Amino acid sequence: MTGERRALIIANGEYDNPGLSALRSPAADAEALAEVLADRTISDFDVQVVRDETAHVIAGRVEDLFADSAPDDVLLVHFSCHGLKSESGELFFAARNTRPERLASSAVPADFVQRCMRMSRSRSIVLLLDCCYGGAFSQGVAVRASGEVNVLDAFPGGGFGGRGRAVITASNSIEYAFEGDNLADDHARPSVFTSALVDGLRTGDADRDEDGWIALSELYDYLFDSVRERNPNQTPSRDIEMQGELYLARSRRRRIKPSPVPADLRAASEDPNMFTRLGAVTELQRRLASDNLSVAIGAHEVLTTMAQTDIQHIADAADLARQEARVRTEPDVVRFGEVVRGARPVARIRPAGPPIARACRFASSDPWLRVTEVADGAEIFLEQAEIGAFEGRVTVTGPTGEVVVRVEGRIIQEPETRPEPEPEPVPVAEPEPAPVRVAAPEPVPEPTFAPPYRAMAPRPKLGMMAGVAGVLALVAALYLLVVIFTLSDSVEEFFEDGGWIALPLIAFVTGAGVAMLRVKTSRAVGPGMLCGLALLSSIPFGPVPFVLADGCVLLAAVCAVVAMWRDPGFRLGMGKPRDRFAVAAILLGVVGTTGLIVEAAELFDYSSSRADEGALYLVVAALFLIGTVLGALLRPDAFGVALLAGVAGGGIVMVCALYFALPSSSSVTGAGWGIGLGATLALAVLAVLAARKVTAEH
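- Going by an unreviewed UniProt entry, the protein carries the name Caspase and comes from Amycolatopsis orientalis.

Quick look at the structure:
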């Protein structure tokens, strides 16, 4: 359609005649509806608003709209005012100068609007009537309390040739009546109909079939359900005579139709050879990150089937690949803090991840929490919240799942008197980029694959380097185990010579090596533990066999870091402490560091010949503090928690080795050493608790 799209919004809430009580909603209705209709990304109408004008001004605007129209124009008229019926049964729309006893000369006749519609050349006319209907009676005449006003009878379909016109009315009933010459005040309430109309267009909820467009029939179905849900006593009505569908607005609710994966890739995903299926998982993961959402959702469906039906090893790999496209947001919690009542703070939620994970829609849990979708996410506004603490939720739903974002804060009352008050700082939303009309994406040519996938070699998820790291860690643990038992001739010597000190290190290194060789833990847990162990094992301290084992652990950590660097789907990042576990880890790092520094100070005071031993305590203290801080701040959470576990394991070993192996261990009090050991043990317990929390959340 090449014609213009023009809308006329008529809102009358103020009346000169005291018999017509003021309506609270028309002004706000007009502003909200004009905003959404004029939005180029939604409706793209040329909007005119006529507010609280006299009957002749309103009639002139209506006639101009319909007279100056072409066949392809789309015309929309919205009335928000009192609807009055005369004693003879004629319907009128009240204007600012309307007198109930002189409707013919002071109100806008529905018949006049009907004639203007018939004279118009436009073949697409929509009339929306959000009116409260009553009767006009002289003073002292009895009034009916309820009944049918039969609004649609005032707009019969004849004369339109069976096409081009639609009338939708908010209600067909008399919502209230006059008391003598006065309207009952308790019925002046905000509009449910226009509020639902604006919400349906703005959020795209009216797009029932999710084809990216809101048709007039879909809009009416949405209005009917929404109005009846909010007010069971109000029933919208319609009379539509059009050929084909009239699309009033665009919608972001476009359903993504999956594009079938190529036949050879589908065959590879079902091949009896597990290594061929592993290769298919790798290719499906690549397609999952495609900008073509149809290709991505097709790959996601196949990965989901494999994760649910294949053997454990393949299912884990498919699930890990699928998790990269899960719905997630930044931030995951919106905290407004203290907000002065009446202010309109704005917060923004942005989906994260590949394109398929960002194709989301947003829904609010409460009426006071308004969510508006923007180009790169959604903006959250507070509207008419009550004094006190508030907590709401925004549900973010996408093709690959959904996530709930918690919204919290407190509404406070602004003091009544304050000298020269400055405006409350309100976060200002980033300006939206100029909307661009986006054409439907051209189909991406399906890639061809060299048959079959059998040529792909089996490999761990992070590549060859992850396997090398795991093997090196297990070799270091086995080597240490052999060394500590060959250096002692008996159990008594084993404990007297301090060989038992290596047992915690063997346990942690073994755990890190096993984690590197498992699909689920090879991306974050294994590398995190190895990096934490290597941080403190990098100190060349102890007998030569122990130094060689530490070097092997350090080399394993380097291989794990290289594997992470090569993995395109894994990125380390820094952030603020996540939760109370992260804060507790930093505090334990400070406490343990303080204890080791105290021990070093005692060695320096004891004798200058012990300065090198005191320096060792200081080095261990510094590395322990660095490790705990990094573990608390690094993202993803699984890597940070694993790093804390590795730092704790290495710290236990190094602190015990320093105290029991140094010649000066019998010459100092050991108070600082006890604090350091206690902090490392507590850190190990904290890492276990944090790991359980991370596992539960994921």
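**Brief notes about the packing of aromatic side chains**
Stage number 1. Counted under the stated rule, the structure contains four aromatic pairs.
Stage number 2. Taking 4.4 Å as the distance between ring centres and 15° as the angle between the ring planes, the aromatic pair formed by F79 and F93 counts as stacked. Here F79 is found in strand β3 (residues 74-85), whereas its partner F93 is found in strand β4 (residues 91-93), with 14 residues between them in sequence.
Stage number 3. Assessed through its relative accessible area of 1%, F79 is described here as buried.
Stage number 4. Residue F93 is classed as buried on the basis of its relative accessible area of 1%.
Stage number 5. Between Y220 and F224 the ring centres are 6.1 Å apart and the planes differ by 50°, which places this aromatic pair in the tilted class. Taken together, the residues Y220 and F224, both in helix α6 (residues 216-230) and four residues apart, mark about one turn of the helix.
Stage number 6. Sitting over the ring of F45, R5 keeps its end group 4.4 Å from the ring centre.

**A short note on the sheet that holds strand β15 (residues 346-352)**
By definition, the strands of a sheet pair up through backbone hydrogen bonds, in either a parallel or an antiparallel sense.
Stage number 1. Judged by pairing direction, the sheet is antiparallel, and its four strands sit side by side in the order β13-β15-β18-β17 without closing on themselves. For this open sheet the edge positions go to β13 (328-330) and β17 (369-374), each flanked by a neighbour on one side alone. For this sheet, the mean angle separating the axes of adjacent strands, direction not counted, is 30°.
Stage number 2. With three bridges joining them, β13 and β15 adopt antiparallel strand pairing. For T329, the partnering residue across the bridge sits in β15 and is P351.

**Focus on the sheet that holds strand β20 (residues 401-412)**
Stage number 1. With mixed pairing, the four strands of this open sheet are ordered in space as β14-β20-β19-β16. Among the strands making up the open sheet, the edge pair consists of β14 (333-340) and β16 (361-364). Each neighbouring strand pair of the sheet contributes to a mean axis angle of 20°, computed without reference to strand direction.
Stage number 2. Of the strand pairs in this sheet, β16 and strand β19 (residues 388-398) are connected by four bridges, and their pairing is antiparallel. Opposite F362, over in β19, you have V396 as the bridge partner.

Basis of the calculations
Residue numbers restart at each chain and count upward from 1, following the sequence in its written direction. Whole-chain, interface and lining totals are the exception, using all residues; otherwise, since this is a predicted model, local features are given only for residues with pLDDT of at least 70 and side-chain atom pairs are given and counted only at 80 or more. Each side-chain value is worked out from all heavy atoms of the structure, with water and hydrogens disregarded. Here is the rule: rings of Phe, Tyr and Trp (six-membered ring for Trp) pair when centre to centre is within 6.5 Å. Planes less than 30 degrees apart are stacked, more than 60 are edge-to-face, and the remainder are tilted. Secondary structure elements are defined from DSSP: runs of H or I of at least 4 residues count as helices, runs of E of at least 2 residues count as strands, and each element is numbered from the N terminus. Exposure categories follow from relative accessible area, calculated using a 1.4 Å probe and restricted to protein chains: below 20% of the type maximum is buried, above 50% is exposed, and the middle band is partly exposed. By the criterion adopted, a ring carries a charge over it if an Arg CZ or a Lys NZ lies within 6 Å of its centre and within 35 degrees of its normal. Only strands that DSSP links by at least two bridges are regarded as paired with each other. Each axis is a line fitted through C-alpha atoms, taken for helices only over the stretch in contact, and angles between the N-to-C directions span 0 to 180 degrees.

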